[in-house]
Protein chains: 2
Amino acid sequence: MQAALANVSVSVSPSEKYREYLATKGLRLTRERSIIVEEVFAYHEHFDAEQLISRLAQKTDGRRVSRSTIYRSLSQLEEASLIRKVARQEDRDVYEHDYGYPQHDHLICRKCGSLTEFQASIISKALEEIASKHGFRMDGHRLEVTGLCDACCRPPESRPQKLNLL
Amino acid sequence: MQAALANVSVSVSPSEKYREYLATKGLRLTRERSIIVEEVFAYHEHFDAEQLISRLAQKTDGRRVSRSTIYRSLSQLEEASLIRKVARQEDRDVYEHDYGYPQHDHLICRKCGSLTEFQASIISKALEEIASKHGFRMDGHRLEVTGLCDACCRPPESRPQKLNLL
DNA sequence: CTTGGTGCAAAATCTTTGCATAATC
DNA sequence: GATTATGCAAAGATTTTGCACCAAG
């Protein structure tokens, strides 16, 4: 009678978790919502609303979902802690899986825009101490480290052309 | 011959720094830009574009500046590392002073929205190590710790009504 | 007189919303 | 049958841009 209590404990599927969340609000896991949550969790890549829309709003089979519904669902998925915003790129919120995935942070390259994940328990621990010192009840954090990634650092011959500044 | 090399070393005023930045681009510190940088550094509060605009676009004296110019200037001030984005609230980017102010991070209350600053060198140090491990050339970071602030934590009589999720 | 700058209004983006229709309990 | 959901198009909101006129070197 021991549940896996590692960093990640996934007892139910994302869809199921979504259903549970919806239930608490008296809402239903409809076909569209189901399609969305499945698509979102089909890949572990970071994504934004537009990418999801382009994948779902253009389906020819019966799995097409409208733009509005996708936006509405993304808000719910975030509320339900299934996904979370990690950054903002090109004026769009970038999401990632929050459910079933360990806490981590990101190195964001200012040049090529690449997102590199890393884990550092020392940071979480430090934050817990800091929060408690301020009487702050922490429930999460978002840490974006900006700079130049390994590839973009190397000026030599393979100098990246794409400098989308800022 | 020793410059103040503490966390903060301000040898020139924000305006002067702005002027220097502009010079490197062959641009000038105009009267409007001057007004903007002075207004921005007049208070050390966090602010967003709209707040700045409401303060500057409604002046009756000769210190009015247009919306466009303010947006254009904010981009430059950010580029020049005079200000930086700290968060996003109500769909707006929130800025704070970056120049002449020590590195710090924020505790953001999900309930009342309050921003509390804190400093933790341990985090910067940890990040430097992590970055170097990834061959990443860090030039800054943004850390938002979310949760409930001291005031909003206290359930006693003023029990928060809003109990969301999970 | 040539380049840079401002202001206005229109445009561009991303996101939300009103409403009619459709599905579900 | 009442409530919830979807899709569309229109509306909202913030930020950007084209353009004419002004300013500075």
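The rules behind each value
- Residues numbered from 1 in each chain as written.
- Chains lettered and ligands numbered in written order.
- Predicted model: local features only at pLDDT ≥ 70, side-chain atom pairs only at ≥ 80, totals over all residues.
- Heavy atoms only, no water.
- Phe/Tyr/Trp six-rings, centres within 6.5 Å; stacked < 30°, edge-to-face > 60°.
- Helix = DSSP H or I, 4+ residues; strand = E, 2+ residues; numbered from the N terminus.
- Pairing = 2+ DSSP bridges.
- Contact = heavy atoms within 4.5 Å.
- Axes fitted to C-alpha atoms, helices over the stretch in contact; angles between N-to-C directions.
- Core = buried A, V, L, I, M, F, W, Y, C linked by side-chain atoms within 4.5 Å.
- Buried < 20%, exposed > 50% of the residue type's maximum accessible area, 1.4 Å probe, protein only.
- Polar contact = N/O pair within 3.5 Å; in protein donor to acceptor, adjacent residues only side chain to side chain.
- Near = heavy atom within 4 Å.
- Nonpolar A, V, L, I, M, F, W, Y, C, P; charged D, E, K, R; others polar.
- 1 Å grid on protein atoms, 1.4 Å probe; cavity = no way out; pocket = protein on both sides within 12 Å on 5 of 7 lines; lining within 4 Å.
- Points joined across faces, edges and corners; volume = space filled by probe spheres on them.
- Domains from an automatic or database assignment.
- Buried area = accessible area lost by both parts, 1.4 Å probe.
- Salt bridge = Lys/Arg side-chain N within 4 Å of Asp/Glu carboxyl O.

1. A short note on the packing of aromatic side chains
Residues and elements named next belong to chain A.
Phase 1 of the analysis: In the structure shown here, the tally under the stated rule is two aromatic pairs over all chains.
Phase 2 of the analysis: Both rings, one in Phe 47 and one in Tyr 95, keep their centres 5.8 Å apart while their planes meet at 25°; by these two values the pair is stacked. A residue pair is termed long-range when its members are at least 10 positions apart, and Phe 47 in strand 1 (residues 47-48) and Tyr 95 in strand 3 (residues 92-97) qualify at 48 residues.

2. Observations regarding the sheet that holds strand 3 of chain A
All names here are of chain A.
Phase 1 of the analysis: The three strands lie next to each other as 1-3-2, forming an open sheet whose pairing is antiparallel. With one partner strand each, in any of the chains shown, strand 1 and strand 2 (83-89) form the two edges of the open sheet.
Phase 2 of the analysis: Judged from the six bridges that link them, strand 2 and strand 3 form a sheet pairing that is antiparallel. Its bridge partner being in strand 3, Gln 89 is matched across the sheet by Arg 92.
Phase 3 of the analysis: Contacts from helix 4 (residues 67-79) reach strand 1, strand 2 and strand 3 within the one sheet, and its direction differs from that of strand 2 by about 115°.

3. Quick look at the nonpolar core
Phase 1 of the analysis: Ranked by internal contacts, the top residues of the largest apolar core, which has 32 residues, are A:Phe118, A:Ile123, A:Leu127, B:Phe118, B:Ile123 and B:Leu127.
Phase 2 of the analysis: Where this core is concerned, the elements lending two or more residues are strand 4 (105-109), helix 5 (121-133), strand 6 (137-148) and helix 6 (150-153) of chain A together with strand 4 (105-109), helix 5 (121-133), strand 6 (137-148) and helix 6 (150-153) of chain B.
Phase 3 of the analysis: In contact with B:Phe118, not counting residues within four places along its chain, are A:Leu127, A:Ile130, A:His134, B:His104, B:Asp105, B:His106, B:Leu107, B:Ile123, B:Leu143 and B:Val145.

4. Side note on the side chain of A:Glu39
Residues and elements named next belong to chain A.
Phase 1 of the analysis: Turning to its location among the elements, Glu 39 is positioned in helix 2 (residues 31-40).
Phase 2 of the analysis: Under the relative-accessibility criterion, Glu 39 is labelled buried at 11%.
Phase 3 of the analysis: Only 2.7 Å separates the side chain of Glu 39 from the side chain of Arg 55, close enough to count as a polar contact.
Phase 4 of the analysis: Apart from the residues lying within four places of it in its own chain, the contact partners of Glu 39 are Leu 52, Arg 55, Leu 56 and Lys 59.

5. Regarding the sheet that holds strand 6 of chain A
Phase 1 of the analysis: A sheet is described by the order of its strands in space; here six strands give the open sequence 5(A)-4(A)-6(A)-6(B)-4(B)-5(B), paired in mixed fashion. The sheet is open, and its two borders are formed by strand 5 (115-118) of chain A together with strand 5 (115-118) of chain B, each paired with just one other strand. If you compare each strand with its neighbour and ignore which way they point, the axes differ by 25° on average.
Phase 2 of the analysis: With respect to the sheet, helix 5 of chain A is in contact with strand 5 and strand 6 of chain A together with strand 5 and strand 6 of chain B, its orientation differing from that of strand 6 of chain A by roughly 130°.

6. Overview of the protein's contact with DNA strand D
Phase 1 of the analysis: Neighbouring residues of DNA strand D: 19 residues in total, closest A:Thr30, A:Arg33, A:Arg64, B:Tyr71 and B:Arg92.
Phase 2 of the analysis: Atoms of DNA strand D within 4 Å of the protein belong to the sugar or the phosphate in 72% of instances, the rest to bases.
Phase 3 of the analysis: Between DNA strand D and the protein, one listed contact pairs a phosphate oxygen with a side-chain N or O atom of A:Ser66 at 2.8 Å.
Phase 4 of the analysis: Here the element with the most residues in the surface near DNA strand D is helix 4 (residues 67-79) of chain B; it accounts for four residues.
Phase 5 of the analysis: Here the residues of the surface near DNA strand D sort into four nonpolar, five polar and 10 charged.

7. Looking at the environment of B:Ala23
Phase 1 of the analysis: Checked against the element boundaries, B:Ala23 lands in helix 1 (residues 14-24).
Phase 2 of the analysis: Once the C-alpha coordinates of B:Ala23 and B:Ala87 are considered, the two residues, 64 residues apart in sequence, prove to be 29 Å apart.

8. Brief notes about empty space enclosed by the protein
Residue and element names in this part refer to chain A.
Phase 1 of the analysis: Summed over the entire model, instances satisfying the criterion amount to one cavity of 30 Å³ or more.
Phase 2 of the analysis: Taken as a whole, the largest cavity holds about 40 Å³ of empty space.
Phase 3 of the analysis: Top contributing element to the lining of the largest cavity by residue count: strand 6, with three residues.
Phase 4 of the analysis: Class assignment of the residues belonging to the lining of the largest cavity gives a composition of two nonpolar, three polar and three charged.

9. Quick look at the protein's contact with DNA strand C
Phase 1 of the analysis: As a structural note, the neighbourhood of DNA strand C is formed by 20 residues, with A:Arg92, B:Thr30, B:Arg33, B:Arg64 and B:Arg72 the closest of them.
Phase 2 of the analysis: In DNA strand C, atoms within 4 Å of the protein come 77% from sugar and phosphate.
Phase 3 of the analysis: One nitrogen or oxygen atom from the side chain of B:Arg64 is found 2.5 Å from a phosphate oxygen belonging to DNA strand C.
Phase 4 of the analysis: The side chain of B:Ser68 places a nitrogen or oxygen atom 3.0 Å from a base nitrogen of DNA strand C.
Phase 5 of the analysis: A total of four residues in the surface near DNA strand C trace back to one element, the largest contributor, which is helix 4 of chain A.
Phase 6 of the analysis: Residues of the surface near DNA strand C, tallied by class, amount to four nonpolar, five polar and 11 charged.

10. Concerning the domain arrangement of chain A
Residues and elements named next belong to chain A.
Phase 1 of the analysis: According to the domain assignment, chain A contains domain 1 (10-100) and domain 2 (102-152).
Phase 2 of the analysis: Of note, the centres of domain 1 and domain 2, computed from C-alpha atoms alone, are 23 Å apart.
Phase 3 of the analysis: Residue-level contacts link 10 residues of domain 1 with 11 residues of domain 2.
Phase 4 of the analysis: Carbon and sulfur atoms supply 44% of the area buried between domain 1 and domain 2, which totals about 790 Å² over both sides.
Phase 5 of the analysis: In terms of surface lost to domain 2, no three residues of domain 1 exceed His 46, Arg 84 and Gln 89, which account for 47% of the buried area on that side.
Phase 6 of the analysis: In this assembly, domain 1 and domain 2 are joined by zero salt bridges.
Phase 7 of the analysis: Counting across the interface, domain 1 meets domain 2 through six residue pairs in polar contact (both at pLDDT 80 or more).
Phase 8 of the analysis: Of all elements in the fold, only strand 2 and strand 3 reach the threshold of two or more residues within the side of domain 1 that touches domain 2.
Phase 9 of the analysis: If you tally residues by element for the side of domain 1 that touches domain 2, the top one is strand 2, at five residues.
Phase 10 of the analysis: Each residue belonging to the side of domain 1 that touches domain 2 can be placed in one class, and the counts come to three nonpolar, four polar and three charged.

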